[in-house]
Amino acid sequence: METRRRFLKSVGLGSLASMAIPGISNSASPPSQVKFVSTWSHGRVANKVALKAYKDSSDILSAVENGVRVIESEADGRSVGLGGLPDRSGRVTLDASIMRGNGACGAVGALYNIEHPISVARKIMEDSPHVMLVGDGARQYALQNGFPDKELLTDETRRDYENWKAKEKPDLPPVNHENHDTIGLLGIDPQGKMAGACTTSGWAYKIPGRLGDSPIIGSGLFVDDEVGAASATGLGETIIQVSGSHLVVELMRGGKSPKEACREAARRITKKFSKWKSGDVQAAFIAMRNDGEVGAFAIKKGFQYAVQEGEKTDLMDADYLTR
Ligand code: ASP
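The rules behind each value
Residues numbered from 1 in each chain as written. Predicted model: local features only at pLDDT ≥ 70, side-chain atom pairs only at ≥ 80, totals over all residues. Heavy atoms only, no water. Salt bridge = Lys/Arg side-chain N within 4 Å of Asp/Glu carboxyl O. Helix = DSSP H or I, 4+ residues; strand = E, 2+ residues; numbered from the N terminus. Buried < 20%, exposed > 50% of the residue type's maximum accessible area, 1.4 Å probe, protein only. Contact = heavy atoms within 4.5 Å.

Overview of the pattern of salt bridges
Then, number 1: As enumerated under the stated definition, the model contains 20 salt bridges in all.
Then, number 2: Among the salt bridges present, the one from K123 reaches D127, with a minimum N-O distance of 2.5 Å. On the criterion of helical spacing, the pair formed by K123 and D127 is a turn pair, its members being 4 residues apart in helix 4 (residues 117-127).
Then, number 3: Here K123 falls in the partly exposed class, since its relative accessible area comes to 24%.
Then, number 4: When its relative accessible area of 48% is taken as the criterion, D127 is described as partly exposed.
Then, number 5: A salt bridge links E264 to R267; its shortest N-O distance comes to 2.8 Å. Taken together, the positions of E264 and R267, both in helix 9 (residues 258-272) and 3 residues apart, correspond to about one turn of that helix.
Then, number 6: Residue E264 is classed as buried on the basis of its relative accessible area of 14%.
Then, number 7: Here the residues in one salt-bridge network are D59, E65, R100, R122 and E126, joined through shared partners.

Some thoughts on the environment of R158
Then, number 1: Looking at where R158 falls in the secondary structure, it is placed in helix 6 (residues 155-166).
Then, number 2: As a C-alpha pair, R158 and G83 span 75 residues in sequence and 9.1 Å in three-dimensional space.

A word on helix 8 (residues 244-253)
Then, number 1: The buried count for helix 8 comes to 8 of 10 residues, which makes it a mostly enclosed element.
Then, number 2: Of the positions making up helix 8, those classed as buried are G244, S245, L247, V248, V249, L251, M252 and R253.
Then, number 3: In the core, the buried residues of helix 8 are packed alongside strand 7 (221-224), strand 8 (228-234), helix 7 (236-241), helix 9 and strand 9 (283-289).
Then, number 4: Phi turns positive, to about 115°, at G255, one or two residues after helix 8.

What follows is the structure in structure tokens.
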């Protein structure tokens, strides 16, 4: 850095050393009021809770954490927290990640019988020397830190599971627009501080031990105050293969708008992995730039996202690649 500064000075460009480089948006002004964007129609509820939590705490991380906690507790969502569909052994296992725009992050994978994986992820981020804990270790860590033990299978999901098992050839249901609803929630405050949270029970009837994109920093979630944030939903196996959320943020760093960055990430999945192209596969991204602009894009029709600007909540239909 010192050498670069001296070089710029020597050629009479000293003042340029502190100027923004084109395509890098670290000089953007943040929005005048707090803003959130989240996945699916349940994002409307999550956004409102996030807004209230922000007003109470003035902390954008607490806002996104509290926003997704409400969805983790909703028993009728089939792929988040309580009421999520189990793996093929009948156990509900949860994946979650949380991240601040300064790079601090935490994640938990294949966690079972704990209602709020997002808060376990935050605990790991803030109080452990690690970024990610999985399985039995994650559960022990949660219990030791006061998270209560809770059965996450409901009467309804137990019945669904029994019916699935009784099928002649039980197989993985496709991850299409009907059967997945991971919540990803991104926020920015008027100081330009950003945070994101992502939480899911993953692919219904997965092989025990499977992790999706949601707990993997850079795949299900990525946040960088210098540029913006992104989160993903859909078939995690495809999102991981392109490091989806990190890709979206880096595309924004290169100058693409949030929507264009999401579009390019979706396109890359279908282009690179022809195996997914023909199938009934959905993957979708939401993004927020550090000036508050938001965008989204999906492979298939049916993806919705919720935008919160001040008190106003809008549910939007995302554009998509395949018609
Ligand atoms: N992305 C999640 C996963 O693959 C699934 C979803 O979005 O519903 O685990």
